[in-house]
Amino acid sequence: MLRARFQRWWQARIHLTDTTLLTQRNVYILPTGPGWMLAATLLVLLVASINYQLNLGYVLTFLLAGCAVVGMHVGHATLRGLTLHLIAPDAQYMGASAPIAIQISSTRKTTRHGIGLALLGSGHWAWTDVPAQGSSRVQIAFTPSQRGLQHLPAITAETRFPLGTFRVWTYWRPAAQLLVYPRPEAHPPPLPPGQPRAGGASHSAPHASGEFDGVRPYRRGDPLKLVVWKKAAKADELVSRDSQQAQRHELWLDYAQAGSLGAEAKLSRLCAWVLLADQLGLDYGLRLPAQDLAPGAGEAHKRRCLEALALCQIGL
């Protein structure tokens, strides 16, 4: 508990930034377990050499101590001078693994070896070498547990190069936020029936397959422009847009008609319906208690609907 409280206090002192330069002010170093064992061994060797006046013992003791001191400086210099840059993460669905890409750049004329990055406290490391006056890209991941805009977790970078006797590390808190969509319902019900347009027909009924009236099975002679090619590519099934039905009805994905579920479950169902309607190539609109998105189609419209679902404040 004390360690967790200290980490929260320490992280609050770290400035949020998407690009950080590692200097002696934010790079820390301490001996590792093998490092403390080496120190104890050197102490025993020194005492034995003094007691028995062993000249070769002195040589061995100070030779090992000199190697440890040189290793300490080399390890600290491996991290010092690096630049860490966060590549903006793409939006993800809740519960899915969200990758975080980080570019490590070096201006030094020698290669930096054995640099690892991980989420603070995760223990899952991604290791890389940074070439001389070059850069290397590392990818780590975490699983968001809530929808909406989420701060990225703190990241730690470390190295134990060259001897493993010293651990050199730093902490970094990215300023970027990740947009998390609701988790799509695994097995959603069919899309709701189309609603009559203003001044159009007053009757609407879904097909027996549960699909929206705006599509129907492909018929020989249908124009190619009416074929829903996304559906054909993903499900190996030819369907065509029903232009007459589409003119009379429009598809609305309404929060109030998503069933008698909890708020988050309704948003998950709407998310699944948005993905399904996009796969079918339909024009669809989204109705939320505080926002309406007019019917549309395409990748940009799908992204707007998913963002609206992610940022919806229902039940908060």
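One structure accompanies this document, and this report is about it. (Residues numbered from 1 in each chain as written. Predicted model: local features only at pLDDT ≥ 70, side-chain atom pairs only at ≥ 80, totals over all residues. Heavy atoms only, no water.)

**Comments concerning the overall build of the chain**
Along its length, the chain carries 7 helices and 18 strands. In the chain, buried positions account for 40% of the 316 residues. By sequence separation, contacts in the chain at least 24 residues apart represent 66% of the contacts at least 6 residues apart. Carbon together with sulfur atoms contributes 58% to the accessible area of the chain, which is approximately 17700 Å² in total. (Helix = DSSP H or I, 4+ residues; strand = E, 2+ residues; numbered from the N terminus. Buried < 20%, exposed > 50% of the residue type's maximum accessible area, 1.4 Å probe, protein only. Contact = heavy atoms within 4.5 Å. Areas by Shrake-Rupley, 256 points an atom, 1.4 Å probe, with all protein chains shown as cover.)

**Considering unusual backbone geometry**
Of note, the bond from Phe161 into Pro162 is cis; its omega dihedral lies within 30 degrees of zero at 5°. Topologically, Pro162 is positioned in the loop between strand S10 (155–159) and strand S11 (166–172). With phi around 55°, Gln53 is a residue other than glycine that occupies positive phi space. Owing to a relative accessible area of 56%, Gln53 belongs among the exposed residues under this scheme. Positive phi, normally seen in glycine, also occurs at Gln133, with a value near 50°. Mapping Gln133 onto the fold places it in the loop between strand S7 (126–130) and strand S8 (135–142). Since its relative accessible area comes to 54%, Gln133 is described here as exposed.

**Structural notes on the pairing of S7**
Here S7 shows a clear split, with Ala126, Thr128 and Val130 buried on one side and none of Trp127 and Asp129 buried on the other. Relative to S7, strand S6 (residues 112–119) runs antiparallel, the two being bridged by 4 bridges. Within the sheet, the bridge partner assigned to Gly116 lies in S7 and is Trp127. Linkage of S6 to S7, two consecutive antiparallel strands, is achieved through a turn of 6 residues, within which Gly121 is found at a positive phi near 85°. (Pairing = 2+ DSSP bridges.)

**Some thoughts on the layout of surface pockets**
Taken as a whole, the largest pocket holds about 340 Å³ of empty space. Contributing to the lining of the largest pocket are 14 residues, with Ile14, His15, Asn26, Tyr28 and Tyr171 lying nearest its centre. Counting residues per element, the ones that place at least two in the lining of the largest pocket are strand S1 (19–21) and S11. When residues in the lining of the largest pocket are grouped by element, the largest group, 3 residues, is from S11. Each residue belonging to the lining of the largest pocket can be placed in one class, and the counts come to 6 nonpolar, 6 polar and 2 charged. As a volume, the second largest pocket reaches approximately 280 Å³. In terms of lining residues, the second largest pocket is bounded by 15 residues, among which Arg3, Gln7, Leu120, Arg167 and Tyr171 are the most central. Looking at the lining of the second largest pocket, the elements that each hand over two or more residues are helix H1 (2–12) and S11. Per-element tally for the lining of the second largest pocket: the top contributor is H1, with 4 residues. Partitioning the lining of the second largest pocket into residue classes produces 8 nonpolar, 5 polar and 2 charged. (1 Å grid on protein atoms, 1.4 Å probe; cavity = no way out; pocket = protein on both sides within 12 Å on 5 of 7 lines; lining within 4 Å. Points joined across faces, edges and corners; volume = space filled by probe spheres on them. Nonpolar A, V, L, I, M, F, W, Y, C, P; charged D, E, K, R; others polar.)

**Details of the packing of aromatic side chains**
Enumeration over the complete set of coordinates arrives at 4 aromatic pairs. Just above the ring of Trp169 sits the side chain of Arg167; from NZ or CZ to the centre is 4.4 Å. (Phe/Tyr/Trp six-rings, centres within 6.5 Å; stacked < 30°, edge-to-face > 60°. Lys NZ or Arg CZ within 6 Å of the ring centre and 35° of its normal.)

**Digging into the sheet that holds strand S12 (residues 177–181)**
Strand order in this open sheet of 3 strands is S4-S12-S9, and the pairing throughout is mixed. If you trace the sheet from one side to the other, it starts and ends with strand S4 (92–93) and strand S9 (148–151), each paired once. With 4 bridges joining them, S9 and S12 adopt antiparallel strand pairing. Note that in S12 the partner of Leu149 across the bridge is Leu179. This element, helix H7 (residues 299–310), spans S4, S9 and S12 of the sheet and lies at about 95° to S12. (Axes fitted to C-alpha atoms, helices over the stretch in contact; angles between N-to-C directions.)

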